[in-house]
Amino acid sequence: MITAEQATWFAETFQRLTDNVGQAVLGKAGVIRLVLTALLADGHILLEDAPGTGKTQLAKALAATVQGAHSRIQFTPDLLPSDVTGVTVYDQAAHKFEFHKGPVFASILLADEINRASPKTQSALLEVMEEGRVTVDGVNHAVGRPFMVIATQNPIEQAGTYRLPEAQLDRFLIKTSIGYPDLAATEAILSGAATRDRSSLVHPVITTAAIADMADLVTGVHIDPAVLRYTAQLAEESRADPGARLGVSVRGTLAIVRAAKVWAATEGRTFVLPDDIKALAHPVWHHRIVLDPEAEFRGTTGETVIARALAEIPAPQTRSQVA
């Protein structure tokens, strides 16, 4: 179990990380909190955003903050799976095969415009996102911890894109967007226009080893059986919704529990509240909902299904009597 002192330290450190990344991505503390939550929950982020909103800056600033390696893959239709994971090459001088690591071997991987690559190339990320390793020619290669994929897709341009399959969407802990900055943040960005790369202003705050320790520490946050039951009821309600063909998966319920533990610790608590589940339900779950085509035509969205579930299922008011 995590102690009150450890939770306080966790919250203070988390705020320092948020402020540090915020030097590169101005006015987006909420988004940065979600990204850091995904990192500490061993999850991945899908950003659906228009070009030029700071997605690359966010990935670079995050990597610099945790002293981790950062790599970027521009997904295109001709990209091959080996361009992502790496390839085994025969060394004639040494008379043996050597594995040449691909860009996936980094702490923070920016998969830019992931939906522009073929489904075969997209699937090259499935194993590493779930298990933290890649298998090439029958040999497993671990990518290490922390490891997070920040994938982006453009919601406007659909020509020449491949829709992400449900199995891949389900592997993203959170789907969100950065969006355009407000007026004050825009003015601040323009006043610093001489600094072309704002992520260069970001200095290391913590080591990758310490991030891994924080991720391990947060697993000790207590979650009452009543909150677990509430989470399961919300998931079941999403599956029963008439507008949904598929509701929240078991992976989705596990994901929100992991994220809620981090969210609670960021506020200095040693336990999860129902409000933590409510706060994370939309970013963690809405992209996992597969809609009925007729309901989607009528305007139903994943957010609609989650909102109905939250309105239908009452949050627990007391702790469970189950030991």
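Cut-off values and rules
- Residues numbered from 1 in each chain as written.
- Predicted model: local features only at pLDDT ≥ 70, side-chain atom pairs only at ≥ 80, totals over all residues.
- Heavy atoms only, no water.
- Pairing = 2+ DSSP bridges.
- Helix = DSSP H or I, 4+ residues; strand = E, 2+ residues; numbered from the N terminus.
- Axes fitted to C-alpha atoms, helices over the stretch in contact; angles between N-to-C directions.
- Expected span 1.5 Å × (residues − 1).
- Buried < 20%, exposed > 50% of the residue type's maximum accessible area, 1.4 Å probe, protein only.
- Phe/Tyr/Trp six-rings, centres within 6.5 Å; stacked < 30°, edge-to-face > 60°.
- Lys NZ or Arg CZ within 6 Å of the ring centre and 35° of its normal.
- Core = buried A, V, L, I, M, F, W, Y, C linked by side-chain atoms within 4.5 Å.
- Contact = heavy atoms within 4.5 Å.

Caption draft 1: Up close: the sheet that holds strand β9 (residues 174-176). The strand order across the open sheet formed by five strands is β2-β5-β8-β1-β9, and the pairing between neighbours is parallel. One side of each edge strand has no neighbouring strand; the edge strands of this open sheet are β2 (70-74) and β9. Here the strands of the sheet are splayed against their neighbours by 15 degrees on average, with no regard to which way each runs. The pairing of strand β1 (residues 45-48) with β9 spans three bridges and is parallel. In the strand pairing of β9, L47 is matched with T176.

Caption draft 2: Just helix α2 (residues 29-40), in detail. With 12 residues, α2 should cover 16 Å at 1.5 Å per step; its first-to-last C-alpha distance of 16 Å lies within 8% of that length. Of all 12 residues in α2, nine are buried; the element is thus mostly enclosed. If you check which residues of α2 are buried, you get V31, I32, L34, V35, L36, T37, A38, L39 and L40. Backbone geometry just after α2 places D42 at a positive phi near 55 degrees.

Caption draft 3: Structural detail: the packing of aromatic side chains. Summed over the entire model, instances satisfying the criterion amount to two aromatic pairs. Measuring from centroid to centroid gives 5.8 Å for F99 and F105, while their planes differ by 70 degrees, and the two rings are edge-to-face. Between R33 and the ring centre of W263, over which it is positioned, the NZ or CZ distance is 4.2 Å. A cation sits over an aromatic face here: R269 above F271, 5.9 Å from the ring centre.

Caption draft 4: Region of the structure containing the pairing of strand β4 (residues 96-101). With six bridges connecting them, strand β3 (residues 86-91) and β4 associate as antiparallel partners. When the sheet's bridge partners are listed, T88 is paired in β4 with F99. Connecting β3 to the antiparallel partner β4 that follows it, the hairpin turn spans four residues, and H95 within it adopts a positive phi of roughly 55 degrees.

Caption draft 5: Broad picture of the nonpolar core. Among the nonpolar cores identified, the biggest contains 68 residues, and F10, L62, M148 and I150 are the most heavily contacted of them. With nine residues, the top contributor of residues to this core is helix α11 (residues 250-266). Here F10 is in contact with L40, M214, L217, V218, V262, A265 and T266, once residues within four sequence places are set aside.

The quantities given are spatial measurements derived from coordinates; they are silent on function.
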